[in-house]
Amino acid sequence: MRAAVLTRHGEPPSYGEHPEPADVPGQALVRVAAAPVVPLDLLCASGTSYFGPPPLPYVPGDQGVGVVERSAVHTTGTRVFFITAAGRVPRDGSLAERALVPDEDVIPLPPDVPDELAAAVGLSGVAAWMALTWRAQLEPGERVLVLGGGGAVGQAAVGAARVLGASRVVALCRSDAAEARARTAGAAEVVRFTDDVDVLADRLGTALGGSVDVVVDPVFGRAATAASRVLAPCGRLVNLGGMGGDTAEFASSVLRGRTAAVLGYTNNGITIEQRREALTAVTTHAAAGRITVAAEQLPLPDVGEAWRRQATGDAGVRFVLRP
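Residue numbers restart at each chain and count upward from 1, following the sequence in its written direction. For a predicted model such as this one, the threshold for reporting local features is a pLDDT of at least 70, and the threshold for listing and counting side-chain atom pairs is 80 or more; totals across whole chains, interfaces and linings nevertheless cover every residue. Side-chain numbers come from the whole structure's heavy atoms, not from hydrogens or water.

Novice: So what exactly am I meant to see when it comes to the overall build of the protein chain here?
Specialist: A run of DSSP states H or I qualifies as a helix once it reaches four residues; a run of E qualifies as a strand once it reaches two. Both are numbered from the N-terminal end. The helix and strand tally for the protein chain stands at nine helices and 15 strands. Residue contacts are counted whenever heavy atoms from the two residues lie within 4.5 Å of one another. Looking at the protein chain alone, contacts between residues at least 24 apart form 69% of all its contacts between residues at least 6 apart. Mean positive and mean negative side-chain charge positions of the protein chain (29 and 34 charges, respectively) differ by 3 Å. Lys and Arg are tallied as positive, Asp and Glu as negative. Neither His nor the chain termini are counted. Throughout, a charge is located at the NZ atom of Lys, the CZ atom of Arg, the CG atom of Asp or the CD atom of Glu.

Next comes the structure, spelled out in structure tokens:
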């Protein structure tokens, strides 16, 4: 079959021939329709991640969308989202014509969501949804601030917050393009980032009408420091990543005085059933146009271009490859 094959750590994969997946008990064979290139793919392929260097050669691609061709559990012809964990475990991934996937990591999709949208939302949508529901316990009528609102997780979080009944959703962004994506996702207002934490906290407070109940934070760093200063009583900041730095400063007086909470989240910390329910929820809302992530489609032979653009370009656009 044709696939994107990585033969050297730290370099983009190349499009070429690769052996067909072999039958393995407990795994489904999926014909791939669309597969995103996500930051985790590049991290694993670099050979420097905490998962360890993956054996070479292998096909990267942590997740994708396709149709079941063979499975003892799932009906042939079922359209599904799937997770391969390629690069995290010694297994080929989704950037190929066909992928072999554990049956438990195959999730049927609602009929109306386009392949490329389901692939773009994917696990970014799961992270946003679970951060708001499971970790933050968002209540209807509460105010939400999304840091990095133009990124994939940020766009999904903006849409999810609206779906879940937030009374106001504000996004923090760095660029014009990111602001446009956040507004398209449904942000009522966008605040532009500045390194001056005092100024940034003032801007956030003004946009939020004083304070915020829930912060979805894939950024951390100075953005999280500023956001902590506008938390409402019993406010919650849920951190999902560190794109803006690995440390932030939180004043004890703020946390204690407002009975605020700083919480962590990772998709690795949820159960298979939680992931399945969250993926079903976000893709159902995506099918109805309520949750979206900006995406650009490319043919699989252009994997090298998609890989380089993901590494150096705008992380808010999800590059989706189609075999």
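Alright, that's what it looks like, and here's the rest.
Novice: How should I be thinking about the pattern of salt bridges in this particular structure?
Specialist: Two side chains carrying opposite charge are able to pair once their charged atoms lie near each other. Whenever Lys or Arg places a side-chain nitrogen within 4 Å of a carboxyl oxygen from Asp or Glu, that contact is recorded as a salt bridge. In total, this model carries 21 salt bridges according to the counting rule given. Here R70 makes a salt bridge to D23, at a shortest N to O gap of 2.2 Å. With R70 in strand β4 (residues 63–70) and D23 in the loop between β2 (14–17) and β3 (27–37), this pair connects stretches of sequence that are 47 residues apart. Overall, D23 belongs to the exposed group, its relative accessible area being 57%. The shortest N-O distance in the salt bridge between R322 and E116 comes to 3.2 Å. With R322 in strand β15 (residues 318–322) and E116 in helix α2 (residues 115–135), this residue pair connects regions lying 206 residues apart in the sequence. Partly exposed describes any residue whose relative accessible area lies between the buried limit of under 20% and the exposed limit of over 50%, with all areas from a 1.4 Å probe on protein chains only and scaled to the type maximum. Taking the relative accessible area as the measure of exposure, R322 reaches 28% and is therefore partly exposed.

Novice: For this particular structure, what's the right way to read the nonpolar core?
Specialist: Across soluble globular proteins, you tend to see nonpolar side chains buried next to one another. Side-chain atoms within 4.5 Å are what join buried Ala, Val, Leu, Ile, Met, Phe, Trp, Tyr and Cys residues into a set we call a nonpolar core. Ranked by internal contacts, the top residues of the largest apolar core, which has 55 residues, are V126, W129, L132, V144, V216, L240 and Y265. Counting only elements with at least two residues in this core, the list comes to β5 (79–83), α2, β8 (143–147), α3 (152–163), β9 (168–173), α4 (176–185), β11 (212–217) and α8 (272–287). A total of 13 residues in this core trace back to one element, the largest contributor, which is α2. In contact with W129, other than residues within four places in its own chain, are W134, A160, V163, L164, A278, A281, V282, H285 and I291. Listed in part, the 32 residues of the second largest apolar core include M1, C44, F82 and V106.

Novice: Help me understand the side chain of D103 in this model?
Specialist: The residue D103 is located in the loop between β6 (98–102) and β7 (106–108) in this model. R276 provides the closest opposite charge to the buried, unpaired D103, separated from it by 8.8 Å. Among the polar contacts listed, one links the side chain of D103 to the side chain of S71, at a separation of 2.8 Å. Any pair of N or O atoms that falls within 3.5 Å is considered a polar contact. Within protein, one atom must be able to donate a hydrogen and the other to accept it, and sequence-neighbouring residues count only if both atoms are side-chain atoms.

Novice: Which parts of the structure should I look at to understand the packing of α2 against α8?
Specialist: Packed helices, taken two at a time, are described by the angle their axes make and the gap between the axes. The convention used is that axes are lines fitted to C-alpha atoms, helices contributing only their stretch in contact, and that angles between N-to-C directions extend from 0 to 180 degrees. Two elements in contact, α2 and α8, have axes separated by 8 Å at closest approach and are oriented at 115°. For the crossing formed where α2 meets α8, the hand is right-handed. Contacts from L117, V121, G122, L123, G125, V126, W129, M130 and W134 of α2 reach α8 at Q274, R275, A278, L279, A281, V282, H285 and A286. Throughout, the ten residues Ala, Val, Leu, Ile, Met, Phe, Trp, Tyr, Cys and Pro are labelled nonpolar, Asp, Glu, Lys and Arg are labelled charged, and all others, Gly among them, are labelled polar. For the contact of α2 with α8, the class distribution of residues is twelve nonpolar, four polar and one charged. Handedness of a crossing follows from how the near helix is turned relative to the far one, being left-handed for an anticlockwise turn of less than a right angle and right-handed for a clockwise one.

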